[in-house]
Every structure is written in structure tokens, then in C-alpha cells.
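# Reading the structure
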Amino acid sequence: GRLEALLLEAKGSWELAEKAYSSLLEDNPLDQTIHKRRVAMAKAQGNIPGAIEWLNKYLEIFMADHDAWRELGEIYVSLQMYKQAAFCYEELILSQPTVPLYHLAYADVLYTLGGLENLQTAKKYYTSTIDLTGGKNTRALFGVCLCTSAIAQITKGKSKEEKEGAQVQSLAAKVLEKDYKQRAPDKLPQLTTALKSLTLSS
Amino acid sequence: MGSSSGDLRYELSQNAYIKLVLHSLNHPTSAVNGVLIGRISPSNDAVLIDDAVPLFHSHLGLLPQLEISLMLIEEYFSAKGLNIVGYFHANERSDDYELGGVAKNIGDHICRYFPQAAILLLDNKKLEALKKSKDRSAVTQLYVRDASKNWKLVHSEGNNRFSLREPSANLMLLDYIASEKWQGIVDFDDHLDDISKDWLNPGLFN
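Residues numbered from 1 in each chain as written. Chains lettered and ligands numbered in written order. Predicted model: local features only at pLDDT ≥ 70, side-chain atom pairs only at ≥ 80, totals over all residues. Heavy atoms only, no water.

- By the naming in an unreviewed UniProt entry, chain B is MPN domain-containing protein, taken from Stylosanthes scabra.
- Its UniProt record, at the heading Sequence similarities (unreviewed entry), says of chain B: "Belongs to the EMC8/EMC9 family." (UniProt positions renumbered as here; feature names shortened; annotations may be inferred.)

- The name recorded for chain A in an unreviewed UniProt entry is ER membrane protein complex subunit 2, from Stylosanthes scabra.
- Quoted verbatim from the Sequence similarities (unreviewed entry) field of UniProt, the annotation for chain A is "Belongs to the EMC2 family."
- If you open the UniProt record of chain A and go to Subcellular location (unreviewed entry), you find "Endoplasmic reticulum membrane".

Encoded structure:
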């Protein structure tokens, strides 16, 4: 039964454990724990494609499992499969639109993907993260600055929205500088130089 | 000037070494990474790695935090005449000896600014064995880029291409592990979550 299968996995008898899990799932395809054990085991063995496959199968049934979507998103990021990672975070934002963590992760992935459209969307999600966190999220503030600079490098002054973008960027920069001045003053000089280089290029 | 990476020695200081290994011990179930700080030796035949900054323990493959951290770190150390001279990576699984895509990409990125940059990959087996053996060699593997810009493992046994600056570094490391000094290590992830946390880890070696 279940306990025996779990014991097999704990002892490292991978093949036997896998057989046991698969047969248990045939009898009861809704056993969440066993599904997850199968994914965990694949991961532990370094069988990442297998882990992805099992995790996707799991999510077809249990699509409301946020932890599973996060896990899948993280695996995709570690494999540099950013489009697939973006999909995971889109699912999370759809189901829990007020959780800033998902907005931030989505923005990070989009920035990493690059390209004008992704950068513009990333900036939107960094901004929504800032809104959802009352202006306190350092990563989102940096993200806004990075996006504005990257967008400006692509559009090179041809876009009207750049002026507006520069305003948001300088606001974010001001918040960052104020925060560093208060809580990490010895790191302020580097911050100021970095922000300057980001605003100069936009 | 510039010898190609084919001739250069790489020398790792105790402080950099211990910081990086302790960082990986602080996050035993995640992949972690960091940057190596240093300079070319006055005799132009070695890259001296004087210090290191632990970077992240989650989402290593995302760009925004990497770009910010490299900007701030480079800015800080260039004022002291030092550069980012390499990259450190520890894989998530202890039996994984592959230099993955993320590590190679970050290494390539660092090479754009410092062409002789190296990658250090944590060797978990060696780290485990350290407690019993009296091995004085580093528990990391060294990778450099060949002429076709591919990352190649450098075999340092017997040719001195990669060495620890202080021969007692492993003894110090074991001492720090025993006193659980890895608990207080601050990386850039920690700093971004709370900027009052100092990624320089000033109190670590006092």
C-alpha cells in the first residue's frame, strides 16, 4: 500500500517506488500526495523532464494547487524555459490577482525574455507589484528602472510614452535612494551611480 | 599584456573560498551562486581572487536581480581597484556535476567585461569528504573558456593552475562549518528582501 511505497522511496529504491506509485495512482488517480511524491522522486534523481511531465499531469487535475504552479515555474526558470515559466505565473495571477509575489515573478520572467512588448508588460507588472506592496518592494522598484532603461534603448526616443516612463522611473529612483539613505547608507553611493547610468541611457 | 586563459593561474583567497562554501551550506536544498572579486597579478600570469559576494539562492536564471547586483557590486569594488573576475555556482542536487546553462550564460556575461573570467563549481563529494580527509585542495572545480569560448574543466592536479592562496584554508573552512558560521551569511537575495542586510558580510571573519 501507500506506506510501503513511501518506504521504498525513502530507501532510494527508485524503480520499485516508481512502480508502486504508478500502480497506486492507477487505482486512485486523485491521490494528491502520491502524485507529488512521484514528482519529488523524479527531481531527486535528476530526471527533470520526468518531473515536469508528472507535474503537468498533476496540474491538469489539480489546477488550483498554487504551490505546484510555483514549483513548475521555478523548474522552468532553472532550465531557462522562460515562456513556459511565464505561463505558470499567468495562471497564478489569474487565480490570485492580489498576491504581489506572482506579479513580481511574472515581471522578472518577462524582463528576462526581453523584447519591447515583454519589457512593456514587465514594467506594468512591476508597477502593480509596487501598488500591491504600498511602494515598499525594492525588487519592483529596481525592476521599473531596469525596464524603462531597456525600453528606451530599443525605442531610442521615438516613443511618446517615454516621457511618462521617465517620470515613473525617476519616482522609483527617488524612493530607492530615500530607502537606502535610511537603511543602508553605506551602499548609497553605488546605488546613485547605478540609477544614474540607468536614467542616462533612457 | 593579456595572456590568454590558456596560460593563466587562478588563485583563490581563503576569505572568498570560505564565504562561497558557507553560502552554499546555508541553502542546502537550493542552487546558489556568487561572483568572484579580484584582479590580474602584477606579473600578469595569474588571476587573484581576493573576495567573493554571494548572490542568490532562488530563481538564479532571472535577469533583473542579476543585472542590479552586478552593477552595484562592480561599482563598489572598482573604487578599490578590483573587478568581477568570475562566477561561483553550486547545483541544487549534491550529485549534479554538470555546469548548466544558467551558469554558463552568467559566466559568458562576466567574460564580456573580464575576458579571463573563471567559473568555480562546488564539488559536493569533496566537501563531504573534507571532514575525514586532510585534503588541502579546494572543494571546487575550475572552468575556463577555451579558444572557441566553450567552458572547459581545468584539471589542476599537478600543474598548479588552480590553487588556494592559504594552505590552511580547508582547516579554517572546517572550523567555520563546525561553529555553524554559515548561518549568518547574507547574499544579494537577502539584501533585496531587506536592504539593511549587508552583502559584504563585514562581521564574518572577525
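### Some details on the overall build of chain B
- Secondary structure summary: chain B contains 6 helices and 8 strands in total.
- Put simply, chain B runs from its N terminus to its C terminus through helices and strands in the order β-α-β-β-α-β-α-β-α-β-β-β-α-α.
- By the compact-globule yardstick of 17 Å for 206 residues, chain B fits well, its C-alpha radius of gyration being 16 Å.
- By its C-alpha atoms, chain B is 40 × 40 × 30 Å across when sized along the principal axes.
- Put simply, chain B has 206 residues, and 55% of those count as buried.
- Contacts in chain B between residues at least 24 apart in sequence constitute 70% of all its contacts with a sequence separation of at least 6.
- Counting only carbon and sulfur atoms, one obtains 49% of the accessible surface of chain B, whose full area is about 8900 Å².
- Taken as two groups, the 20 positive and 27 negative side-chain charges of chain B have centres that lie 6 Å from each other. (Helix = DSSP H or I, 4+ residues; strand = E, 2+ residues; numbered from the N terminus. Rg over C-alpha atoms; globule rule 2.2 N^0.38 Å. Buried < 20%, exposed > 50% of the residue type's maximum accessible area, 1.4 Å probe, protein only. Contact = heavy atoms within 4.5 Å. Areas by Shrake-Rupley, 256 points an atom, 1.4 Å probe, with all protein chains shown as cover. Lys, Arg positive; Asp, Glu negative; His and termini not counted. Charge placed at Lys NZ, Arg CZ, Asp CG, Glu CD.)

### A few points about the nonpolar core
- Y126 of chain A together with Y17, V35, I73 and F77 of chain B are the most contacted members of the largest nonpolar core, which has 124 residues in total.
- With 9 residues, helix α9 (residues 138–155) of chain A is the single largest residue contributor to this core.
- With near-sequence residues (within four places) excluded, F77 of chain B lies in contact with I37, D51, V53, L82, W199 and L200 of chain B. (Core = buried A, V, L, I, M, F, W, Y, C linked by side-chain atoms within 4.5 Å.)

### Here we look at the UniProt feature "domain: MPN" (unreviewed entry) in chain B
- Mapped onto this numbering, the UniProt entry annotates "domain: MPN" (unreviewed entry) at residues 10–141 of chain B.
- From the first C-alpha to the last, residues 10–141 of chain B spans 12 Å; its make-up is 37% helix and 27% strand.

### Thoughts on the interface of chain B and chain A
- Taken together, the contact pairs 27 residues of chain B with 32 residues of chain A.
- Our count for the chain B to chain A interface comes out at 11 residue pairs in polar contact (both at pLDDT 80 or more).
- Of all the secondary structure elements, the ones that give two or more residues to the side of chain B that touches chain A are α2 (63–78), α3 (101–113) and α6 (188–193) of chain B.
- Ranked by the residues each element gives to the side of chain B that touches chain A, the list is headed by α2 of chain B, at 9 residues.
- Among the residues making up the side of chain B that touches chain A, the classes are represented as 12 nonpolar, 7 polar and 8 charged. (Polar contact = N/O pair within 3.5 Å; in protein donor to acceptor, adjacent residues only side chain to side chain. Nonpolar A, V, L, I, M, F, W, Y, C, P; charged D, E, K, R; others polar.)

### Points about the UniProt feature "repeat: TPR" (unreviewed entry) in chain A
- Taking the numbering used here, the UniProt-annotated feature "repeat: TPR" (unreviewed entry) corresponds to residues 66–99 of chain A.
- Taken end to end, residues 66–99 of chain A comprises 79% helix and 0% strand; its first and last C-alpha atoms sit 11 Å apart.

### Structural notes on the packing of helix α6 (residues 82–95) of chain A against helix α7 (residues 100–113) of chain A
Residues and elements named next belong to chain A.
- Where α6 meets α7, the axes come as close as 9 Å, and the angle between the chain directions of the two elements is 155°. One way to sum up the angle between α6 and α7 is to call them roughly antiparallel. At the point where α6 passes α7, the crossing takes the left-handed sense. Of the residues in α7, those touching α6 at Y82, K83, A85, A86, Y89, E90, L92 and I93 are Y102, H103, A105, Y106, V109, T112 and L113.
- Grouping the constituent residues of the contact of α6 with α7 by class yields 11 nonpolar, 2 polar and 2 charged. (Axes fitted to C-alpha atoms, helices over the stretch in contact; angles between N-to-C directions. Parallel < 35°, antiparallel > 145°, perpendicular 65-115°, else oblique. Left-handed = near helix turned anticlockwise from the far one by under 90°.)

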